[in-house]
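Structure at a glance
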Amino acid sequence: MAQTAKYTLDAEFGCGLGGIFQCRSLWPRKSSLGAINNTAGKEHERDESKLKQRKPLQNPKSLTEQEPKLHAKSTEKTALVHPKPPPNHESEPPRPSDARRSSTSSSTGSSQEFANKRRQQRNSAGSADELNKMLVIRSQSGQMGNISKVVTTTRSSMKNIGEEVSSNTPKRRNSILQSYSSMGNIVRRANDEKRRSREMNAEVLKEMGNEEYKQGRFEEALSLYNQAIAIDPSKASYKSNKSAALTGLGRSMEAVFECREAVLIEPSYQRAHHRLATLYLRLGEAEKALYHYEQSGPQANSHDIAQAQALQAHILVCNEARKLKEWNILLKESAAAISSYADLAPKIHTLQGEALLRLHRHEEAYTTIMKTPNFDVNSCTKFFGPVGSAYLLMIRAQVYMSGGRFEDAVSAAQIAAKLDSSNEVAMVLRKARAVALARSSGNQLFKESKFSAASTAYSEGLEHDAYNSVLLCNRAACRSKLAQYEKAIEDCSIALNVWPSYSKARLRRADCNAKMERWEASVHDYEMLIRETPGDEEVGRALFEARIQLRKQHGENIEDSKFGSNLVFVSSNERFRHYVTLPGMSVVLFCNRTKQNQGLQLMEQVCKRYPSVNFLTVEIEEHPYIAKLEGVNSVPAFKIYKNGSIVKEIPGHQTELLENSVKLYSS
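By convention here, each chain's residues receive numbers from 1 onward along its written sequence. In keeping with the model being predicted, local features are shown solely for residues with a pLDDT of at least 70 and side-chain atom pairs are shown and tallied solely at 80 or more, while totals for entire chains, interfaces and linings include all residues. Side-chain metrics rest on all non-hydrogen atoms present in the structure, leaving aside hydrogens and water.

An unreviewed UniProt entry lists the chain under the name Thioredoxin domain-containing protein, from Dillenia turbinata.

A short note on the pairing of strand 4 (residues 637-642)
Spelled out, the test is: Throughout this description, buried means an accessible area under 20% of the type-specific maximum (1.4 Å probe, protein chains only), exposed means over 50%, and partly exposed covers the range between. In this text, helices come from DSSP runs of H or I with a minimum length of four residues, and strands from runs of E with a minimum of two, each type numbered from the N-terminal end. Only when DSSP finds a minimum of two bridges between them are two strands counted as paired.
Burial within strand 4 is extensive, with five of its six residues counted as buried. In terms of strand pairing, strand 2 (residues 585-591) meets strand 4 through six bridges, oriented antiparallel. Residue pairing across strands places Phe-590 opposite Ala-637, the latter belonging to strand 4. Relative to strand 5 (residues 645-651), strand 4 runs antiparallel, the two being bridged by six bridges. Among the inter-strand pairings, Phe-638 is bridged to a residue of strand 5, identified as Ile-650. Following strand 4, the chain reverses through two residues before pairing antiparallel with strand 5; Asn-643 in that reversal takes a positive phi of roughly 55°.

Details of the environment of Ser-268
Locating Ser-268 in the fold gives a position in the loop between helix 13 (252-265) and helix 14 (270-282). Judged by relative accessible area, which is 57%, Ser-268 ranks as exposed. Sequence-wise, Ser-268 and Ser-296 are 28 residues apart; in three dimensions their C-alpha atoms are separated by 8.2 Å.

Comments concerning the UniProt feature "repeat: TPR" (unreviewed entry) in the chain
Under the convention used in this document: UniProt positions are given in the numbering used here, feature names are shortened, and annotations may be inferred rather than shown by experiment.
On the UniProt side, "repeat: TPR" (unreviewed entry) is annotated at positions that read residues 202-235 here. For residues 202-235, the end-to-end C-alpha separation is 10 Å, with 79% helix and 0% strand making up the annotated structure.

Details of unusual backbone geometry
Residue Val-635 is joined to Pro-636 through a cis peptide bond whose omega torsion reads -5°. Along the chain, the position of Pro-636 falls in the loop between helix 31 (624-629) and strand 4. Backbone geometry at His-360 places phi at a positive 60°, although glycine is not the residue there. Locating His-360 in the fold gives a position in the loop between helix 18 (346-358) and helix 19 (362-371). Phi at Ala-483 is positive, roughly 65°, even though this residue is not glycine. Here Ala-483 shows up in the loop between helix 24 (469-481) and helix 25 (485-498). The class for Ala-483 is partly exposed, based on a relative accessible area of 46%.

Focus on the confidence of the model for the chain
Filter applied, for reference: How sure the predictor is of each residue is captured by pLDDT, a score from 0 to 100. For this analysis, residues touch if any pair of their heavy atoms sits within 4.5 Å.
On average, residues of the chain score 77 in pLDDT, and 67% of them reach the 70 mark or higher. Every residue in residues 123-159 is under pLDDT 50, and counting partners more than four places away or in other chains gives 90 contacts.

Brief notes about the side chain of Lys-239
Mapped onto the elements of the fold, Lys-239 is located in helix 12 (residues 236-248). Setting aside residues no more than four positions away along its own chain, Lys-239 makes contact with Ile-229, Pro-233, Glu-258, Glu-261, Ala-262 and Ile-265.

Examining the packing of helix 14 against helix 15 (residues 286-295)
To keep things clear, this is the line we draw: All axes here are fitted lines through C-alpha atoms, helices being fitted over the stretch that makes contact, and every angle between N-to-C directions spans 0 to 180 degrees. For this classification, under 35 degrees means roughly parallel, over 145 means roughly antiparallel, 65 to 115 means roughly perpendicular, and everything else is oblique. Take the far helix as the reference: if the near one is turned anticlockwise from it by less than a right angle, the crossing is left-handed, and if turned clockwise, right-handed.
Put simply, helix 14 and helix 15 touch, their axes get as near as 8 Å, and they point 160° apart. In terms of axis orientation, helix 14 runs roughly antiparallel to helix 15. In this structure, helix 14 crosses over helix 15, and the sense of that crossing is left-handed. Here Gln-270, His-273, His-274, Leu-276, Ala-277, Thr-278, Tyr-280 and Leu-281 of helix 14 come into contact with helix 15, specifically with Lys-288, Ala-289, His-292, Tyr-293 and Gln-295.

Observations concerning a nonpolar patch on the surface
To be explicit about the condition: To count toward a patch, a residue needs a relative accessible area over 30% and no salt bridge; like charges are then connected within 9 Å, while nonpolar side chains (Val, Leu, Ile, Met, Phe, Trp, Tyr) are connected within 5 Å. For the accessible areas, the method is Shrake-Rupley and the probe is 1.4 Å, while residue cover comes only from the protein chains on display. For salt bridges, the criterion is a side-chain nitrogen of Lys or Arg within 4 Å of an Asp or Glu carboxyl oxygen.
On the surface, Met-200, Val-204 and Met-208 cluster together into a nonpolar patch covering about 290 Å² of accessible area. Judged by relative accessible area, Met-208 falls into the partly exposed class, the value being 43%.

A look at helix 22 (residues 423-447)
Short version of the rule: Multiplying one less than the number of residues by 1.5 Å gives the expected span of a helix.
Taking 1.5 Å of rise per residue, the 25 residues of helix 22 would be expected to cover 36 Å, and the 36 Å separating its terminal C-alpha atoms lies within 8% of that figure. When helix 22 is considered as a whole, its buried residues turn out to be Val-425, Val-428, Leu-429, Ala-432, Val-435, Ala-436, Ala-438, Arg-439 and Gly-442. In this structure, the buried residues of helix 22 make contact with helix 20 (377-402), helix 21 (406-419), helix 23 (451-462) and helix 24. Trailing helix 22 by a residue or two, Ser-449 shows a phi angle of about 65°, which is positive.

Brief notes about the packing of helix 12 against helix 14
For any two helices packed against each other, the geometry comes down to the angle between their axes and how far apart the axes lie. Interhelical geometry of helix 12 versus helix 14 gives an angle of 30° and a closest axis separation of 10 Å. Between helix 12 and helix 14, the angle falls in the class roughly parallel. Between helix 12 and helix 14 lies a crossing whose hand is left-handed. The residues of helix 14 that touch helix 12, namely those facing Ser-240, Asn-241, Ser-243, Ala-244 and Thr-247, are Ala-272, Arg-275 and Leu-279.

This is the structure:
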């Protein structure tokens, strides 16, 4: 019967009062605050008043002298059973009533009774203090009836309850405890109300986040989902919605981590599985994508699974091609994998970049790696593991080297070496350090005009990276200074093969060709440069000089040629045709002889900024045939020709449009 009562009480209070009264070692000695009921309180007050009227024992030493050995044993046993109270509870000195009761019990000569008495008192005090901790509740307006303040109990009143519970029969004890079970119901209802209130607030925040997400305001939605999670972190839907907001912000790896937590909280959450599978697909993890598509039930369709399977097949071929060093196959398959919805996959983008590096297409490799979604090292390590993250950094270091970012290359290789101690990574680190040192040493020697020594330093770096465009171009500068033009041209050509837009190497090659009087090759390079930088006066002057020398080499008359005199007045149809069919671009102003000042002023301003472009002026009174043949309906008017064909017509008063068009078509 006593056991049944105890189980019922445990179920009622949640943590079990029956177990509380058995834990004697947890009761701190500390004064309580209030009483549970008036009867117990009044009785306690009368007991306290009586105790105050009594005088304390004047000579507690006499007590210990009566039974020193027995009392010492009892104290040692009690100390083993009852440890000291925690530091945040101050210990109380012995009460006079305890000393008196101890004296009385010792006078009877029953040491066993004395020990039992002390043990019972400690049990009672502990029970009272535990109940005092449990029976603190918050008032609930409209739902808690007439309870309007926090219910507290004093240690002294609860002591009486504890004494009754511990000293009576099981039947009587059950009756006493049941009289207080209603208080446990109140506590439980208060806790339930508080929990329901918090859950309701979290749901409101989630719904608000959903509305922000629908409007595309992902930052605001993320903030609201975070607030909901802070209130109730056990809801899988909050984590899944946060994952969706992070995806909208382009933070895909963080989204994966949140979605993982959602499916851990609720393994049968199919929508979260589908969201996680889609993220894995875009990040290039085909096997994981397939697994979570299978777990997502009807959320996944056959198209989703087919995409994941296609990606898996491409990745298998990529891995095999890398092992066999079949770089063209790796390039093709990695491109196919990226197009199979793996647009955010760092590993696949890196495989593509590696293939381009090995094929000596450094500029394309650099562009590919720079387009790769930039995830921080910690996220990549958490997602791919240390070895996978080290691979990404290793290839990035080599791409940085090819682009002349030597310090960045060393830094990336050092981080990779910390994650992966393999020989391949260590070799890349050594290579990056050697190339960076060669560049810095060569630059210093070049500044000191020690061109031969500088050339040697750059050559030492090229032993580690034979196709490094920066080292090649720098060595070409040294060789040009040493009048080794052929070798300089060779270095520049190799640099341009791996990095076609390397303008410094092209300019250096054009200059070397000019010094070797290879005017046609020089003009070709200068024309490519002027398209890239149409307003560059230095390049324009070099191009003009190269063209003059080429015309002279071909036996043409160059007496009227002068740099900056690219504004030509057309005197005949033949002269007009000659200029507009030249390689490059020509701008023609059709105007009246009497109203040509505004158009001419504009032409003079523009032609100074674009010396490589031919500017012509046609007076329609002198050449009506040309105006009619070219379809001129109103004057002034500008027409832009490229290789003999009209590419743009501009009204004469649109100054800004003319300059923008010249810049566009000359590049």
